[in-house]
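Commentary on secondary and tertiary structure
Residues per chain are reported as follows:
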Amino acid sequence: MGMNNTPASERVHISFFGKRNAGKSSVINAVTGQDLAIVSQVKGTTTDPVYKTMELLPLGPVMVIDTPGIDDEGELGRMRIRKSYQVLNKTDVALLVVDGTIGRQQEDEMLIQRFRDKGIPYLVVYNKMDLIEGEHACAEDEMWVSAKEQKNIWELKEKIAQLGKQQEPDKRIVSDMIEPGDFLILVVPIDKAAPKGRLILPQQQTIRDILDGDGAAVVVKENGLRDALEKLGRPPRMVITDSQVFGSVAKDTPEDVLLTSFSILFARYKGDLEECVRGVRALDRLREGDRVLICEGCTHHRQCDDIGTVKIPRWIREYAGCDLGFDFTSGTEFPDELSPYKMIIHCGGCMLNEREMKYRIQCAVDQGIPITNYGILMAHLRGILKRSVELFPEVAQILEDV
C-alpha cells in the first residue's frame, strides 16, 4: 500500500481548534500548504469538522481535522461546539489557535483543560504575530506564528511532528507472537460484503504485519483450510479466521494448533481485549425487555442480511431465549448516555482510530455497562471463545474466573 493509502485509522489525527476570529483556517492552510479550510471574512464559516488525509512532512501520513469555532452563539452554535468537542475523542495532537492580539479567552482555557483531562498532547498557537511589536515570549507548550506572512510555520510543523511521533507506540497485530520463518493460515471468506478485487482492511493489515515480522501468510477461503493443512506438511504457527466462519474453521483446525480471529487480534491491537471478553458474559444475564446497543464504526451501505442489524440481534434473541430491544448507531455517532442498555456490542472498529475506540470502551466502563465486539460475541455464541483466546493467558484467565 503506498503512502497515500495509509488507512485513515492508522494516521496520526491532528485537530485544530479555536475561536471564530482567531485565524484558525489561515493557520491550517499555511501548515498544510493547501486550501483545506474555508477562509472567509464571515466569522464561523466551518459548521462541521472537516477531515483531510494528507502527507505532513516531517511526520508522514496524517489526518488533519478542522473544527467549528468554539465560541458560536445560539442553538446551532451549541451544536457546532459539541461537534468540536467530540473530535477530541479521536485527536492524537491538538492545536489551539488563539488571536495573539487578544490573548487566551475563557473558551480557550476550558478547551486546554479538556486536552489535559484527556491526556492529549497540545500546542497553543498565537496567530497574527505580524500585528504585534516587540518580544513574543511564550511557554513550552505555546508558539507564535503569522499565517499571513508565513512566519514560524516551518517551526510549527516541526513541533507538530515531535508531538505526533510520541503518539506512535510500537504495537503489533500478531507479529510479536511469531518467529521469523513461521507461517500462518488466514481464512478469508469472500462474501458479497468484501469489495470486488480487494480484501477488507483488517485482513490487509494483518498480512502486512506478518510480513513485517518475517513470517509467511497463507491465505485461503473457508473451504480450502483442510486441504492447505494437509499439503503444508507441518502445522502452522496459528490459524486466523474471519469470525463469520469461526464454527467450521474450529472444526477443521487440529486441537494443537492455535486458533484466533481477526476481531480478537484487533480488539487487542486497538482497544481492550480483556474488557471485551469480560463484557461478553453479560449475554448470560439478559432478561425479557432488556435493551442492547449495537454500534458500527463505519457507515457503509448495509447488506440485506447485515451482520450488525440482522444476524447479531437474531443470534442474541435465540441465545437469551427472550425478547430484547435493540438500538443501532453507526459512524461517529455514539450516545453519551449509556444507562438504558444492559450491554453494548461494537464492530471491530477498523475505520476508527485507537483513541476513539478506547474512548468508547472507557465510556462504557465508566458507566458500568458491559461492552464487547462482534467477533468475541460470535466466538462466545459458538462455544469457542476459550480456545480462541488461549494465545493470551491473562485474557483466558478472565474466562476461568467465572
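Preceding this paragraph is the structure being described.
The following refers to the structure shown. Bear in mind that the values here come from a model prediction, so they are computed numbers and not experimental data. (Residues numbered from 1 in each chain as written. Predicted model: local features only at pLDDT ≥ 70, side-chain atom pairs only at ≥ 80, totals over all residues. Heavy atoms only, no water.)

Moving on, we come to the state of the cysteines. Enumeration over the complete set of coordinates arrives at zero disulfides. This cysteine, C295, is not joined by any disulfide, and C347 carries the nearest cysteine sulfur, 8.0 Å off. For C295, a relative accessible area of 0% puts it in the buried group. Left unpaired, C363 is separated from the closest cysteine sulfur, that of C295, by 10 Å. (Disulfide = S-S within 2.5 Å. Buried < 20%, exposed > 50% of the residue type's maximum accessible area, 1.4 Å probe, protein only.)

Attention now goes to the nonpolar core. V174, V277, I312, I316, I345, I376 and L385 are the most contacted members of the largest nonpolar core, which has 63 residues in total. Tallying contributions element by element places helix α8 (residues 262–270) first for this core, with six residues. Core analysis: the next-biggest nonpolar cluster, separate from the first, contains 26 residues, I14, V97, L123 and L156 among them. (Core = buried A, V, L, I, M, F, W, Y, C linked by side-chain atoms within 4.5 Å. Helix = DSSP H or I, 4+ residues; strand = E, 2+ residues; numbered from the N terminus.)

According to the stated counting rule, one finds four aromatic pairs in the structure shown. Relative to Y269, the ring of F266 has its centre 5.7 Å away and its plane inclined at 80°; by these criteria the two rings are edge-to-face. Taken together, the residues span about one helical turn, with F266 and Y269 both in helix α8 at a distance of three residues. Judged by its relative accessible area of 11%, Y269 is buried. Among the aromatic residues, those joined into a ring-pair cluster are F17, F115 and Y122. The ring of W315 has R382 sitting right over it, with the charged end atom 5.4 Å from the ring centre. (Phe/Tyr/Trp six-rings, centres within 6.5 Å; stacked < 30°, edge-to-face > 60°. Lys NZ or Arg CZ within 6 Å of the ring centre and 35° of its normal.)

Moving on, we come to α8. The element α8 is extensively covered by neighbouring structure, given that eight of its nine residues are classed as buried. Those residues of α8 not exposed but buried are F262, S263, I264, L265, F266, A267, Y269 and K270.

For the structure on display, the rule yields one cavity of 30 Å³ or more. Estimated volume of the largest cavity: approximately 50 Å³. Forming the walls of the largest cavity are 11 residues, and the residues nearest its centre are F266, A267, G348, M357 and N373. Taken together, the elements giving at least two residues each to the lining of the largest cavity come down to α8 and α11 (354–366). No other element matches the three residues that α8 contributes to the lining of the largest cavity. (1 Å grid on protein atoms, 1.4 Å probe; cavity = no way out; pocket = protein on both sides within 12 Å on 5 of 7 lines; lining within 4 Å. Points joined across faces, edges and corners; volume = space filled by probe spheres on them.)

Bringing unusual backbone geometry into the picture now. In the Ramachandran plot, K128 falls in the positive-phi region, its phi being about 75° despite a non-glycine side chain. The topology assignment puts K128 in the loop between β5 (122–127) and β6 (142–144). The class for K128 is partly exposed, based on a relative accessible area of 22%. In this structure, N152 is a non-glycine residue whose phi angle is positive, near 65°. Checked against the element boundaries, N152 lands in the loop between β6 and α4 (153–165).

Remember, this is a structural readout, not a statement about activity or role.
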